[in-house]
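Geometric and topological summary
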Amino acid sequence: MINGKDSSIIIGGIGSYAPEKILSNHDLAKIVDTSDEWIRTRTGIKERRIAHNGEACSDMGARAAQAAMKHAGLEPEDIDLLIVATMTPDMPFPSTACIIQHKLGLRSIPCFDVGAACSGFLYTLEIGCQMLKSGTYRNVLIVGSEKLSSILDWQDRTTCVLFGDGAGAIILNTVDEPGIGILGTCLAANGAEGQILTMPGGGSNEPATTESVLMRRHYLKMMGKEVFKIAVKVMEQSALDLLASHNLKPHDVDCVIPHQANMRILELMSSRMGLPLDKFPINLDRFGNTSAASIPLALDEAYRDGKIKSGDYVLLIAFGAGLTWASSLIKWH
Ligand code: UT7
């Protein structure tokens, strides 16, 4: 029995990758009608990474996966399952997971993508944990990778200043020690509100046409204010419910890694949950919002900076298009 009274599922390896090219707020102010001051004060973002032409979601995901496998001390033949969270796949099919499988030289293992936008990493984490519990798999590779620069409208200042590119990855595996690792995950969605964050063109509902391209339908569209209000409410509620189900209170948490979308959202969550902001490792200023890559990128950085220690309670909280939201509680091994 996995994650029962004798064993636990842990993050046995972690890694991330960010493209070299930095796009600063000052650079953006040369492209659209914005300013460094507006972006910094309204979002907390100073710069973001942008993948180079020809560098696809799968390339970044494969680099992050290699780093996680190296950290876990695993070879390609050790991986039994690969799940990729992304809303910017290389192409509609084959899945980005299958493309990464090939790039990494993995065996003929199951590989698939999960589309839960910015909550995708926690959705894949939960799917990976449940599949590990079946006992069929030993080392599950979870990747969150996004090339958001490929779906941004660089004429729309209300969205193009917010997002960036990058990838993060973890290895999930089991240890013969009870009560540590991934203690639980809470997933949720509300499709009724889905229209406030979409990319309307390019799917079966609105296939690409000359007109759809001219109408700029193949770019991310967001009603920012509405998203902001819902995000703060549901992220907090999800986290509180998850903590309560483990008989914990916010002050028991040592480190919170929320989806890095807006500094004002993080500040509100910190004050509403009564948790000091220094328990929230932040990389939003340097990476912007990287959707499904946001949490693993921040988690990897926090771990490498020594902000997460053995025995710490770590809370991951996500929110994104769908609408979807999720939280996970980890007792670091
Ligand atoms: O990852 C998925 C989850 N996404 C999120 O969580 C995003 C949540 N939303 C947000 O982070 C914020 O709503 C935004 C950062 C997107 C926008 O901030 P806001 O404080 O809600 O601004 P706003 O949309 O109300 O716009 C205020 C003003 C407007 O001008 P007027 O109408 O007051 O004259 C905008 O046109 O700011 C203007 N504006 C800008 N000005 C300079 C909007 N974008 C920009 C810009 N530069 N880039």
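These lines cover the structure that appears in this document, whether it is placed above or below.

Reading guide: rules and limits
Each chain carries its own residue numbering, running from 1 in the direction its sequence is written. Where totals are concerned, whole chains, interfaces and linings use all residues; where local detail is concerned, this predicted model gives features only for residues with pLDDT of at least 70, and gives and counts side-chain atom pairs only at 80 or more. The basis for every side-chain value is the complete set of heavy atoms in the structure, and neither hydrogens nor water enter the calculation. Numbering goes from the N terminus for both helices and strands, where a helix is a DSSP run of H or I of at least four residues and a strand is a run of E of at least two. Counted as salt bridges are all cases of a side-chain nitrogen of Lys or Arg within 4 Å of a carboxyl oxygen of Asp or Glu. Burial status follows relative accessibility: with a 1.4 Å probe on protein chains alone, a residue under 20% of its type maximum counts as buried, one over 50% as exposed, and anything between as partly exposed. Only heavy atoms are used to decide nearness, and a residue is near a molecule or strand if one of them lies within 4 Å of it. We call two N or O atoms a polar contact when they sit within 3.5 Å, provided that within protein one can donate a hydrogen and the other can accept it, with sequence-adjacent residues counted only if both atoms are side-chain atoms. Exposure was quantified through the Shrake-Rupley algorithm and a 1.4 Å probe, taking into account, for residues, occlusion by the shown protein chains and nothing else. Domain boundaries shown here were taken from an automatic or database domain assignment.

1. With respect to unusual backbone geometry
Note that the residue after F93, namely P94, is joined by a cis bond; omega there is 0°. Inspection of the secondary structure assignment puts P94 in the loop between β4 (81-85) and α4 (96-104). Following G322, the chain continues into L323 via a peptide bond in cis, with omega recorded as -10°. Along the chain, L323 falls in the loop between β12 (313-320) and β13 (324-331). In the Ramachandran plot, A117 falls in the positive-phi region, its phi being about 50° despite a non-glycine side chain.

2. A short note on the pattern of salt bridges
In this structure the tally under the stated criterion is 13 salt bridges. With its nearest N and O atoms 3.3 Å apart, the salt bridge here joins R138 to D80. In this pair, R138 sits in the loop between α5 (120-133) and β6 (140-147) while D80 sits in the loop between α3 (57-72) and β4, placing the two residues 58 residues apart along the sequence. The class for D80 is buried, based on a relative accessible area of 9%.

3. What about the site of the ligand?
By nearness alone, 22 residues border the ligand, and T34, R42, K225, N262 and N289 come closest of all. The contact in question runs from a nitrogen atom of the ligand to an N or O atom on the side chain of T34, over 2.7 Å. Backbone polar atom of G224 to a nitrogen atom of the ligand: 3.0 Å apart, as the coordinates give it. Taking 960 Å² as the accessible area of the ligand by itself, protein coverage stands at 75%. Of all the secondary-structure elements, those providing two or more residues to the shell around the ligand are α2 (36-43), α6 (157-160), α8 (224-245) and α9 (263-273). Sorting elements by how many residues they give to the shell around the ligand places α8 first, with 4 residues. The two domains that each donate at least three residues to the shell around the ligand are domain 1 (8-179) and domain 2 (182-331).

On their own, these measurements won't tell you what the molecule is for.
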